[in-house]
Amino acid sequence: APGMTAAPASSAERDTLAEESPSPLARRSQEATSQRSYFGSTALTTPRGKVELGYRTVIPIYMGVASASMGLTDRIEVSVDGAWLLERDAPAAVNVSAKAQVIRGKNGALAIRGGALRVGEEGDTVSIPWVGAVASTCVGEKCTVLASAHVTAFSISAGISLAPV
């Protein structure tokens, strides 16, 4: 009736409404390329069944990085990245990796990552296995900025142990 206000929702109704409205991090994770920052990745993953393609450049005529990521589940993705310097005889690099989001909260997430980086030219290449973790958190209520911190360890050859970077 005019002039009357609705009764406040019950506790159960408020909980249901809260569960139905996605958190800022959940909304951010649905955006294209939300799983990576300019030089690295975030703890977010490509949504299940989606493929995301990207290209980043440091200086347009100097270096480029192309990438493709596919979400196997909402928390697991596989990626292939290629990087190259646009100068004569510069080696190229290809990275194949997987990322699994192990913790996901309202405003932050933690993922473990691993892969193999292959650097060099045909006939003169080195393969570098690596493992790591990345933590990401929203900055601000709307999660318009996502801050990430990385820990990565590389193995240069089978005879050398992992060294933190």
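Residues numbered from 1 in each chain as written. Predicted model: local features only at pLDDT ≥ 70, side-chain atom pairs only at ≥ 80, totals over all residues. Heavy atoms only, no water.

Brief notes about the overall build of the chain
Part 1 of the reasoning: Each helix and strand in the chain was counted, giving two helices and eight strands.
Part 2 of the reasoning: In the chain, which comprises 165 residues, the share counted as buried stands at 30%.
Part 3 of the reasoning: Of the contacts made within the chain by residues no fewer than 6 positions apart, 37% connect residues no fewer than 24 positions apart.
Part 4 of the reasoning: Of the roughly 10,400 Å² of accessible surface on the chain, 63% is carried by carbon and sulfur atoms. (Helix = DSSP H or I, 4+ residues; strand = E, 2+ residues; numbered from the N terminus. Buried < 20%, exposed > 50% of the residue type's maximum accessible area, 1.4 Å probe, protein only. Contact = heavy atoms within 4.5 Å. Areas by Shrake-Rupley, 256 points an atom, 1.4 Å probe, with all protein chains shown as cover.)

Thoughts on the nonpolar core
Part 1 of the reasoning: In this structure, L25, A43, L44, A109, A111, V134, C138, C143 and L146 together form the largest nonpolar core, which totals nine residues.
Part 2 of the reasoning: Mapped by element, the contributors of at least two residues to this core are β5 (108-121) and β6 (124-139).
Part 3 of the reasoning: Not counting residues up to four positions away in its chain, the partners in contact with A109 are L25, A43, L44, Q101, I103, R104, V134, A135 and S136. (Core = buried A, V, L, I, M, F, W, Y, C linked by side-chain atoms within 4.5 Å.)

Let's talk about a negative patch on the surface
Part 1 of the reasoning: Judged by side-chain charge, E87, D89, E121 and D124 come together as a negatively charged surface patch.
Part 2 of the reasoning: Residue placement: D124 occurs in strand β6. (Patch = residues over 30% accessible without salt bridge, like charges linked within 9 Å, V, L, I, M, F, W, Y side chains within 5 Å. Salt bridge = Lys/Arg side-chain N within 4 Å of Asp/Glu carboxyl O. Lys, Arg positive; Asp, Glu negative; His and termini not counted. Charge placed at Lys NZ, Arg CZ, Asp CG, Glu CD.)

Quick look at the confidence of the model for the chain
Part 1 of the reasoning: Per-residue pLDDT for the chain has a mean of 77; in total, 70% of the residues score no lower than 70.
Part 2 of the reasoning: When the elements of the chain are averaged for pLDDT, strand β8 (residues 163-164) gives the smallest value, 44, and strand β4 (residues 92-104) the largest, 94.
Part 3 of the reasoning: Scored below 50 in pLDDT, residues 14-18 shows one contact in the model against residues more than four places distant or in partner chains.
Part 4 of the reasoning: Predicted confidence is poor over residues 158-165, with pLDDT under 50, and the contacts of this stretch with residues over four places away or in other chains come to 13 contacts. (pLDDT = per-residue confidence, 0-100.)

Looking at the state of the cysteines
Part 1 of the reasoning: Under the definition given, this model contains one disulfide.
Part 2 of the reasoning: Residue C138 pairs covalently with C143 via a disulfide, S to S 2.1 Å. Because the torsion about its S-S bond is -75°, the bridge between C138 and C143 counts as left-handed. Both residues of the pair, C138 and C143, count as buried. (Disulfide = S-S within 2.5 Å.)

Let's talk about the pattern of salt bridges
Part 1 of the reasoning: Counted by the stated rule, this structure contains one salt bridge.
Part 2 of the reasoning: Across the pair K99 and E77 runs a salt bridge, and its minimum N-O distance is 3.6 Å. With K99 in strand β4 and E77 in strand β3 (residues 76-85), this pair connects stretches of sequence that are 22 residues apart. E77 matches K99 in its accessibility class, with the two residues each being buried.

Focus on the environment of M70
Part 1 of the reasoning: Structurally, M70 can be placed in strand β2 (residues 63-71).
Part 2 of the reasoning: Sequence spacing of M70 and T46 is 24 residues, and the spatial spacing of their C-alpha atoms is 6.1 Å.
Part 3 of the reasoning: Not counting chain neighbours up to four residues away, the residues in contact with M70 comprise T46, K50, V51, I76, E77 and V78.

Notes on a nonpolar patch on the surface
Part 1 of the reasoning: Among the surface-exposed residues, V51, L53, M70, L72, I76 and V78 lie close enough to one another that they form a single nonpolar patch of about 520 Å² accessible area.
Part 2 of the reasoning: For the nonpolar patch, the elements supplying multiple residues, two or more each, are β1 (51-57) and β3.
Part 3 of the reasoning: Inspection of the secondary structure puts I76 in strand β3.

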